[in-house]
Amino acid sequence: KKRATAHPAVSEAVRLHLAGNGAGAQQALRPALLVGNADALLLAGQLAFEAGALEEAAAHYRRLAETKPDHPY
């Protein structure tokens, strides 16, 4: 299913990531991560994975699984 993201920080982070600004994307996600937004956790995990920070990626994915066990990803 397609749906809009629930936090504006996620949209901004995607925009920055697609523009090649990975560090900016990670910074933009912080407000959404602080509130435990599921989309932000998923994106933060992906950004960390792409940057080669596997432990950080696993931490984001673990937090997502713990806070939203019914999340489709």
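Refer to the preceding data block for the structure.
Since this is a predicted model, take the numbers as computed values, not measurements.

(A) The arrangement of the overall build of the protein chain in detail. Along its length, the protein chain carries 4 helices and 0 strands. In sequence order, the secondary structure elements of the protein chain are arranged as α-α-α-α. Against the compact-globule benchmark of 11 Å for 73 residues, the protein chain has a radius of gyration of 11 Å, which places it among compact chains. Each of the three principal axes of the protein chain carries a C-alpha extent, and together these read 30 × 30 × 25 Å. By sequence separation, contacts in the protein chain at least 24 residues apart represent 42% of the contacts at least 6 residues apart. Positive and negative side-chain charges of the protein chain, numbering 8 and 7 respectively, have mean locations separated by a distance of 7 Å.

(B) Quick peek at helix 4 (residues 54–67). A rise of 1.5 Å per residue sets the reference length of helix 4, with its 14 residues, at 20 Å; its end C-alpha atoms lie 20 Å apart and thus fit the reference within 8%. The inward-facing, buried residues of helix 4 abut helix 2 (22–34) and helix 3 (38–50).

(C) Main features of a nonpolar patch on the surface. A cluster of nonpolar side chains, namely Phe49, Leu54 and Tyr61, defines an oily patch on the protein surface of about 300 Å² accessible area. Relative to the helices and strands, Phe49 resides in helix 3. With relative accessibility at 49%, the residue Phe49 sits in the partly exposed group.

The rules behind the values
- All residue numbers refer to position in the chain's written sequence, counted from 1.
- Reporting in this predicted model follows two pLDDT cut-offs: at least 70 for local features of residues, and 80 or more for side-chain atom pairs to be given and counted; totals over whole chains, interfaces and linings ignore these cut-offs and use all residues.
- Heavy atoms throughout the structure, all of them, feed into the side-chain values; hydrogens and water do not.
- Secondary structure follows DSSP: runs of H or I at least 4 residues long count as helices, runs of E at least 2 residues long count as strands, and numbering of each begins at the N terminus.
- All radius of gyration figures rest on C-alpha atoms, and the globule criterion is 2.2 Å times the number of residues raised to 0.38.
- Two residues qualify as a contact provided that any one of their heavy atoms is within 4.5 Å of a heavy atom in the partner residue.
- Neither His nor the chain ends is counted toward charge; the positive residues are Lys and Arg and the negative residues Asp and Glu.
- Charged groups are reduced to one reference atom each: NZ for lysine, CZ for arginine, CG for aspartic acid, CD for glutamic acid.
- By definition here, a helix of n residues has an expected span of 1.5 Å times n minus one.
- To count toward a patch, a residue needs a relative accessible area above 30% and no salt bridge. Like charges then connect within 9 Å, nonpolar side chains (Val, Leu, Ile, Met, Phe, Trp, Tyr) within 5 Å.
- Residue-level accessible areas treat just the shown protein chains as cover; the underlying method is Shrake-Rupley with a 1.4 Å probe.
- We define a salt bridge as a side-chain nitrogen of Lys or Arg found within 4 Å of a carboxyl oxygen belonging to Asp or Glu.
- The buried label applies to any residue whose accessible area, calculated with a 1.4 Å probe on protein chains only, is under 20% of its type's maximum; exposed applies above 50%, and partly exposed to all values in between.

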